[in-house]
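What the coordinates show
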Amino acid sequence: MPPKAGFSRAKNVGYDEDDIYDDYSEEEYAGDGEGEGTSEEDKEQMAAGVIKVREALGSEYKVKEAEIQDALWNYYYDVGKSVTFLKNKYAPKAPTPAKPKAVSRFDQAAGAADAKTPTSTGTPKAKAKTRGSADGEKLADSVEKLVVETKVKSKSLNVVDEYRNCALKRVSNFVVIGHVDHGKSTLMGRLLYDLKVVDERSVDKLRQEAETIGKSSFALAWLMDQTPEERSRGVTVDIATVPFETEQTSFTILDAPGHRDFIPNMIAGVSQADFAVLVVDAQENSFQSGLKGQTKEHALIVRSMGIQRLIVAVNKMDTVSWSKERFDKVRQATTAFFETASFSLKNITFIPCAGLTGDNVTKRVADDNADWYSGPTFLEALEASEPKARALERPLRLTINDVFRGSGQNPLSISGQIEAGTLQVGDVVLALPSRETATIKAIELPDGSPADWAVAGQIPTLHLVDIDAVHLRLGDLLCAPTAPVRLVKSFTCKMLAFEHVMPQFVDVFRGKQQVTGLITALASILNKNTGEVTRRKPRIVKPGEVARVRIELEGSAGLPLEVGARIVLRDGGRTVGAGLLESYT
Ligand SMILES: Nc1nc2c(ncn2[C@@H]2O[C@H](COP(=O)(O)OP(=O)(O)OP(=O)(O)O)[C@@H](O)[C@H]2O)c(=O)[nH]1
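Residues numbered from 1 in each chain as written. Predicted model: local features only at pLDDT ≥ 70, side-chain atom pairs only at ≥ 80, totals over all residues. Heavy atoms only, no water.

1. Focus: the overall build of the chain
Helix and strand counts for the chain stand at 19 helices and 24 strands. The long-range fraction of contacts in the chain, counting pairs at least 24 apart against all pairs at least 6 apart in sequence, stands at 72%. For the chain, the exposed surface amounts to about 26,600 Å²; the carbon and sulfur share of it is 50%. (Helix = DSSP H or I, 4+ residues; strand = E, 2+ residues; numbered from the N terminus. Contact = heavy atoms within 4.5 Å. Areas by Shrake-Rupley, 256 points an atom, 1.4 Å probe, with all protein chains shown as cover.)

Listed below in structure tokens is the structure:
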């Protein structure tokens, strides 16, 4: 629907019109000459829209009529998008505790550094003063003083040397993506079963449980989907991280849900992966619905999050009698799409397999109809996938996947992937966005063994002290307090558009962290391969185009972002684009 005349675009989007509309004459912007007032049709649509939005919001949300109108106008009378936007903006607040908000220890430390006082945890400073420092400078002194307060002893190891001198197995993490029901969990369950990661008794138990609810084929999938909620619904609702080992490699599976409602979880999984396994159902009808659904969306997200290597498991081959023709068709149809999504075909391996029967998963397919296939098994393709280079020398960055209460000795634990740098017992880490510090009391590796240190690529469990659980949430970032990540409120990114993109509201995701933002300016369209500017100040970005856009985040918190960070933009439950942060202010 075209922009409607009679409302001032600038009134609720808050950007400088000149930035965007420089290229366009007044007439062009005003559409086809209906700029003088609101038409009857507009008024009717607006009135009907307001009623529908009010209904959808219910009595919980106290939103003024003018705000609803603004939202409807901004989203061209799309009720769904307006409701999502208003719900995000006016989510009912939890009752605030009577106690005034404590200043985080990080801010206290920053304040202390500013004041150059010798004590690290002295009286909280005025907010304005602490903020400046909390954004990254002058912290080293204060943080060192915080370390002194902890009772956890550090061995002060040179972790990079320790790592280089020990013969650790290669670490490789992969995300499993694909349309709902194409068999992701079953394939992973089969892999774990055949590699004897799970014992026969547990599988028998799951089989019996599955049979009692008449879904015996789900037993293998349940090895991956462990929570009771997931079992009763038969879908995966969060990222399951499951470690397993082969002779050469310590793998971690990041099993992401296929439903579109859970795409934010998938984004979080993808941002931690070295490569991706895309599971595609070989059957014609399912394959086609996947192409219209999450098969494409997931593959695009994966590519825009910087993943180059893809294993395409053409699954359920048993249901198509291991037909070479069917396999070739799936390969052809997906290859065409991968090329447009800027994948390099040399990095893509297609494997025909059947997770349910186990054929071509860890052992070669026995079916005579599959004589035509002489390529690798799924497991061999996993082994052949090189993990990304690890940034060991950079400051610590770890995204939290899980926060939980461990044993009595370890009342607060987190797990997550170290994206960059190293850590060791006794280290003080800074949590963002809470700006609280914590001390690492103990480290556990994915196989449950204790460790003195861990490095980029690994997904350790950290037992923490000197912090309260309220300061740590899924998706938060732990970083080196001496080199903190900035909480960014506006930035420029290079974005691949999945849908038409204009100046509009979007949900900005950094992994699982999410903040509402506004695309305030479309600066230019770029050549996909060279990055050169091909057009300045476009009015709209079309699906498949790469553009440089400016985004302002709402609220005061911001997102912890650095140059090179990958972000995903969603709107009303759809992924509209994904990008790479180029600069921020
Ligand atoms: N015949 C056959 N059925 C399979 C195969 N793999 C999975 N299935 C069946 O397909 C259905 C869906 O499998 P899941 O593994 O739960 O699919 P999923 O992609 O993990 O689904 P979500 O977790 O909801 O995203 C189940 O009934 C499986 O038993 C296969 O290789 N052959």
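2. Quick look at helix α11 (residues 184-194)
Where burial is concerned, most of α11 is hidden: eleven out of the eleven residues are buried. Taken together, the buried positions of α11 are occupied by Lys-184, Ser-185, Thr-186, Leu-187, Met-188, Gly-189, Arg-190, Leu-191, Leu-192, Tyr-193 and Asp-194. Phi for Lys-196, located one or two positions after α11, is positive at around 60°. (Buried < 20%, exposed > 50% of the residue type's maximum accessible area, 1.4 Å probe, protein only.)

3. Examining the nonpolar core
Soluble globular proteins tend to pack their nonpolar side chains together in the buried interior. Of all hydrophobic cores here, the largest spans 44 residues; its most connected members are Val-302, Leu-310, Val-312, Val-314, Phe-338 and Phe-343. Broken down by secondary-structure element, the contributors of at least two residues to this core are β1 (170-177), α15 (263-270), β4 (275-281), α16 (284-292), α17 (294-304), β5 (310-315), α18 (324-340) and β6 (348-352). Mapping this core onto the domain boundaries places at least three of its residues in each of domain 2 (165-383) and domain 4 (487-584). Filtering out sequence-adjacent residues up to four positions away, Leu-310 remains in contact with Ala-276, Leu-278, Val-302, Phe-338, Phe-343, Asn-347, Ile-348 and Thr-349. Counting 29 residues, the second-largest nonpolar core is a separate cluster that includes Leu-412, Leu-445, Ala-451 and Ala-456. (Core = buried A, V, L, I, M, F, W, Y, C linked by side-chain atoms within 4.5 Å. Domains from an automatic or database assignment.)

4. As for the pairing of β5
Among the six residues in β5, six count as buried, and that is most of the element. Covered by surrounding structure in β5 are Leu-310, Val-312 and Val-314 together with Ile-311, Ala-313 and Asn-315, the residues of both alternating faces. Looking at chain direction, β4 and β5 are connected through six bridges and run parallel. Bridge pairing in β5 places Asp-281 opposite Asn-315. The pairing of β5 with β6 spans five bridges and is parallel. Opposite Leu-310, over in β6, you have Ile-348 as the bridge partner. (Pairing = 2+ DSSP bridges.)

5. Structural notes on the packing of aromatic side chains
For the structure shown, the criterion picks out eleven aromatic pairs. Ring centres of Phe-337 and Phe-338 lie 5.7 Å apart, and the angle between their planes is 45°; on these two criteria the pair is classed as tilted. Phe-337 sits in the buried class, given a relative accessible area of 11%. Residue classification places Phe-338 among the buried residues on the basis of a relative accessible area of 0%. (Phe/Tyr/Trp six-rings, centres within 6.5 Å; stacked < 30°, edge-to-face > 60°.)

6. Describing a negative patch on the surface
Together, Asp-318, Asp-367, Asp-368 and Asp-371 give the surface a local cluster of negative charge. As for its position among the elements, Asp-367 is in the loop between β6 and α19 (378-383). Under the relative-accessibility criterion, Asp-367 is labelled partly exposed at 31%. (Patch = residues over 30% accessible without salt bridge, like charges linked within 9 Å, V, L, I, M, F, W, Y side chains within 5 Å. Salt bridge = Lys/Arg side-chain N within 4 Å of Asp/Glu carboxyl O. Lys, Arg positive; Asp, Glu negative; His and termini not counted. Charge placed at Lys NZ, Arg CZ, Asp CG, Glu CD.)

7. Side note on unusual backbone geometry
The residue after Leu-432, namely Pro-433, is reached through a cis peptide bond having omega 15°. For Pro-433, the location among the structural elements is in the loop between β10 (428-432) and β11 (436-444). Phi is positive for Ser-156, which is not a glycine, with a value near 45°. Mapped onto the elements of the fold, Ser-156 is located in the loop between α9 (140-149) and α10 (159-165). You will see that Asn-360, though not glycine, has its phi angle at about 65°, which is positive. Its place among the elements puts Asn-360 in the loop between β6 and α19. Here Asn-360 falls in the buried class, since its relative accessible area comes to 0%.

8. Regarding the pairing of strand β24 (residues 574-584)
Relative to β24, strand β17 (residues 490-497) runs antiparallel, the two being bridged by seven bridges. By the bridge assignment, Lys-494 is partnered in β24 with Leu-580. Two strands pair when backbone bridges link them, and strand β23 (residues 566-571) and β24 are joined in this way by six bridges, in the antiparallel orientation. For Leu-569, the partnering residue across the bridge sits in β24 and is Gly-577. Linking β23 back to β24 in an antiparallel pair, the connection comprises two residues, with Gly-572 at a positive phi of about 55°.

9. Some remarks on the side chain of Arg-190
Residue position: Arg-190 is located in helix α11. By relative accessible area, which is 10% here, Arg-190 ends up buried. At 3.2 Å, the side chain of Arg-190 and the backbone oxygen of Gly-355 are in polar contact. (Polar contact = N/O pair within 3.5 Å; in protein donor to acceptor, adjacent residues only side chain to side chain.)

10. Digging into the pattern of salt bridges
Under the defined criterion, the tally for this structure stands at 20 salt bridges. One salt bridge connects Arg-190 with Asp-194, and the closest N-O pair in it is separated by 3.2 Å. With Arg-190 and Asp-194 both in helix α11, this residue pair falls four residues apart, about one helical turn. The structure contains a network of salt bridges with shared partners spanning Arg-170, Glu-383 and Glu-386.

11. Description of the environment of Asp-402
Tracing the sequence through the fold places Asp-402 in strand β7 (residues 397-404). Since its relative accessible area comes to 34%, Asp-402 is described here as partly exposed. On a C-alpha basis, the gap between Asp-402 and Leu-472 in space is 9.4 Å, while along the polypeptide they are 70 residues apart. Apart from residues lying up to four places away in sequence, Asp-402 is in contact with Ser-413, Ile-414, Ser-415 and Leu-474.

12. Observations concerning the confidence of the model for the chain
Per-residue pLDDT for the chain averages 78, and the proportion of residues at 70 or more is 76%. Per-residue pLDDT, averaged within each element of the chain, yields its smallest value for helix α1 (residues 10-13) (26) and its largest for β6 (97). When the criterion is pLDDT under 50, residues 1-37 qualifies, and its contacts beyond four places in sequence or with other chains add up to 64 contacts. For residues 227-237, every residue scores under 50 in pLDDT, and the model assigns this stretch 23 contacts once sequence neighbours within four places are set aside. ipTM for the predicted complex: 0.98, alongside a pTM of 0.66. (pLDDT = per-residue confidence, 0-100.)

13. Description of α16
Of all the residues in α16, the buried ones are Phe-287, Gly-290 and Leu-291. Looking down the long axis of α16, one finds its buried residues gathered within 100° of arc, a one-sided arrangement. Opposite its buried face, α16 presents the exposed residues Asn-285 and Lys-292, each directed more than 90 degrees away. On the buried face of α16, the contacting elements are β4, α17 and α18. (Arc of directions from axis to C-beta.)

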